[in-house]
Amino acid sequence: MLFKGKNAIVTGGSRGIGLKIVKALLTEGANVYYISRTKGEKHGELEKAASASGASVYWKQGDVSKESVAEVLADIVKEAGQIDILINNAGITRDGLIFRMKTEDWDSVLSVNLKSAFLTCREISRVMIKQRSGVIVNISSVVGIIGNAGQTNYSASKAGLIGFTKSLAREVASRGVRVNAVAPGFVETDMTKKLGEKAREALKTQIPLGRTAQPEEIASVVVFLASDRASYITGQVLVVDGGMAI
Ligand code: NAP
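Being a predicted model, the structure only gives us computed values, none of them experimental.

Basis of the calculations
Residues numbered from 1 in each chain as written. Predicted model: local features only at pLDDT ≥ 70, side-chain atom pairs only at ≥ 80, totals over all residues. Heavy atoms only, no water. Helix = DSSP H or I, 4+ residues; strand = E, 2+ residues; numbered from the N terminus. Expected span 1.5 Å × (residues − 1). Buried < 20%, exposed > 50% of the residue type's maximum accessible area, 1.4 Å probe, protein only. Salt bridge = Lys/Arg side-chain N within 4 Å of Asp/Glu carboxyl O. Pairing = 2+ DSSP bridges. Axes fitted to C-alpha atoms, helices over the stretch in contact; angles between N-to-C directions. Contact = heavy atoms within 4.5 Å. Patch = residues over 30% accessible without salt bridge, like charges linked within 9 Å, V, L, I, M, F, W, Y side chains within 5 Å. Areas by Shrake-Rupley, 256 points an atom, 1.4 Å probe, with all protein chains shown as cover. Parallel < 35°, antiparallel > 145°, perpendicular 65-115°, else oblique. Left-handed = near helix turned anticlockwise from the far one by under 90°. Core = buried A, V, L, I, M, F, W, Y, C linked by side-chain atoms within 4.5 Å. Near = heavy atom within 4 Å. Polar contact = N/O pair within 3.5 Å; in protein donor to acceptor, adjacent residues only side chain to side chain.

A word on helix H1 (residues 16-27). With 12 residues, H1 extends 17 Å between its outermost C-alpha atoms, agreeing within 8% with the 16 Å of an ideal straight helix rising 1.5 Å per residue. Within H1, nine of the 12 residues are buried, which leaves the element mostly enclosed by the surrounding structure. Here H1 has its buried residues at Ile 17, Gly 18, Leu 19, Lys 20, Ile 21, Val 22, Ala 24, Leu 25 and Leu 26. Of the residues flanking the end of H1, it is Gly 29, one or two places downstream, whose phi is positive at about 95 degrees.

All right, on to the pattern of salt bridges then. Per the counting criterion, the structure on display carries 13 salt bridges. Lys 60 is the partner of Glu 79 in a salt bridge, and the nearest nitrogen-oxygen pair spans 2.8 Å. With a gap of 19 residues between them, Glu 79 in helix H3 (residues 69-80) and Lys 60 in strand E3 (residues 57-61) connect regions that are remote in the sequence. A salt bridge links Lys 193 to Asp 190; the shortest N-O distance between them is 3.1 Å. Note that Lys 193 and Asp 190 are positioned in helix H7 (residues 190-193) at a spacing of three residues, about one turn of the helix. Lys 193 gets classed as exposed once you look at its relative accessible area, which sits at 62%.

The strand order E3-E2-E1-E4-E5-E6-E7 describes an open sheet built from seven strands, whose pairing is parallel. Each having just a single partner strand, E3 and strand E7 (237-240) make up the two edges of the open sheet. Across this sheet, the average inter-strand angle for adjacent strands is 20 degrees, counted without regard to direction. The pairing of strand E4 (residues 85-88) with strand E5 (residues 134-139) spans four bridges and is parallel. Within E5, the residue paired with Leu 86 across the bridge is Ile 136. Taken strand by strand, H1 contacts strand E1 (7-11), strand E2 (31-36), E3, E4 and E5, and its axis lies near 170 degrees from that of E1.

Taken together, Leu 97, Ile 98 and Phe 99 make up a surface patch of nonpolar side chains, about 350 Å² in accessible area. Note on placement: Phe 99 falls in the loop between E4 and helix H4 (103-131).

For the pair H1 and helix H9 (residues 215-226), the least separation of the axes is 8 Å and the interaxial angle reads 50 degrees. On the basis of their axis angle, the class for H1 and H9 is oblique. Considering how the two elements wind past one another, H1 and H9 form a crossing that is right-handed. In this structure, H1 contributes Gly 16, Ile 17, Lys 20, Ile 21, Ala 24 and Leu 25 to the contact, and H9 contributes Pro 215, Glu 216, Ile 218, Ala 219, Val 222 and Val 223.

Right, let's talk about unusual backbone geometry for a bit. Phi is mostly negative for residues that are not glycine, and the peptide bonds are mostly trans. Although it is not a glycine, Arg 132 adopts a positive phi angle of roughly 65 degrees. When you line up the elements, Arg 132 lands in the loop between H4 and E5. Arg 132 sits in the exposed class, given a relative accessible area of 52%.

Once that is clear, we can look at the nonpolar core. The biggest cluster of nonpolar side chains holds 35 residues, and the ones touching the most others in it are Ile 21, Leu 25, Leu 26, Ile 87 and Val 182. Every element with two or more residues in this core is listed here: E1, H1, E2, helix H2 (43-53), E4, E5 and H9. Contact partners of Leu 26, with chain neighbours within four places excluded, come to Val 32, Leu 46, Ala 49, Ala 50, Ser 53, Ala 55, Ser 56 and Val 57. Counting residues in hydrophobic clusters, the runner-up holds 32 residues, among them Val 64, Leu 73, Ile 92 and Val 127.

Take the environment of Tyr 58 next. Mapped onto the elements, Tyr 58 comes out in strand E3. The exposure class of Tyr 58 is partly exposed, given its relative accessible area of 32%. Separated by 25 residues in sequence, Tyr 58 and Tyr 33 place their C-alpha atoms 4.8 Å apart.

Time to look at the site of the ligand. In the region of the ligand, 30 residues are neighbours, and Arg 15, Thr 38, Asn 89, Tyr 154 and Thr 189 sit closest. Within the side chain of Thr 38, one N or O atom sits 2.5 Å away from an oxygen atom of the ligand. Burial of the ligand by the protein amounts to 96% of the accessible area it has alone, namely 890 Å². Looking at the shell around the ligand, the elements with two or more residues in it are H1, helix H6 (152-172) and H7.

Moving on to the pairing of strand E6 (residues 177-184). The buried count for E6 comes to eight of eight residues, which makes it a mostly enclosed element. Residues of E6 alternate between two faces, with Val 177, Val 179, Ala 181 and Ala 183 on one and Arg 178, Asn 180, Val 182 and Pro 184 on the opposite face, all of them buried. In this structure, E5 lies alongside E6, joined through six bridges in parallel fashion. Bridged to Asn 138 within E6 is Ala 181. Pairing of E6 with E7 involves four bridges; the strand directions are parallel. Considered in E7, the bridge of Ala 181 is made with Val 237.

These results come straight from atomic positions and should not be treated as a statement about function.
Below you can see the structure in the form of structure tokens.
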């Protein structure tokens, strides 16, 4: 097991990509604390994965866009002691063409997708620096690299996360802390459910591998970056998009 006895925090672990990240970390032996506004319907599935590997899973209610997430993190640090892995995964979309976009749609996307990473990393990087070890993985998006009509707010937040990742990686590298980002393409989750069949088929024509991704295919890359197998990788963006951005 890659993470036996290690402690991980995952934001937005109640469903979608985050759920599969939590499950994959548990399977590799990590004790996982996941933070989301709701517990989700799959906690039982996570408990099964935890007991199979001798790990533990804990849900902590929290809103990562709010300063109050610092208290949730402080509780976790107190409980867990050491924090080895932080995955900033929570994210939302509020799509619309710019001339119709409400300021609150801009603000909420930037807060949940980008400010959240600032808030969590401010707390946890302090812990990791003291430990002189730790790994942070931020979930960006391929649209933060190539852009997407109707997603100025979302792509700005995801491009922002990339700059954030590179700057933080430079800040903490000398203390033994690595920081990387994963930029997924189109992944089958609640977030992408809204897209109609016609649009989905059109999209597939732009993906060289000819299909969308399953959340497990993102989780496995996150596991790699969080593990010692990636011990010499920091400040990088790993694009996991079936070739969309080639
Ligand atoms: P999802 O299925 O909609 O899940 C989103 C997760 O984030 C849920 O666990 C949700 O839990 C949590 N969350 C949302 N707002 C939150 C808040 N304010 N505080 C705490 N937790 C919050 O989305 P997904 O597709 O798995 O996306 C996961 C990440 O991957 C996001 O950052 C997304 O931008 C990125 N991504 C997704 C795709 C894709 O195609 N799906 C592509 C590229 C990147 P609660 O609702 O219970 O709070």
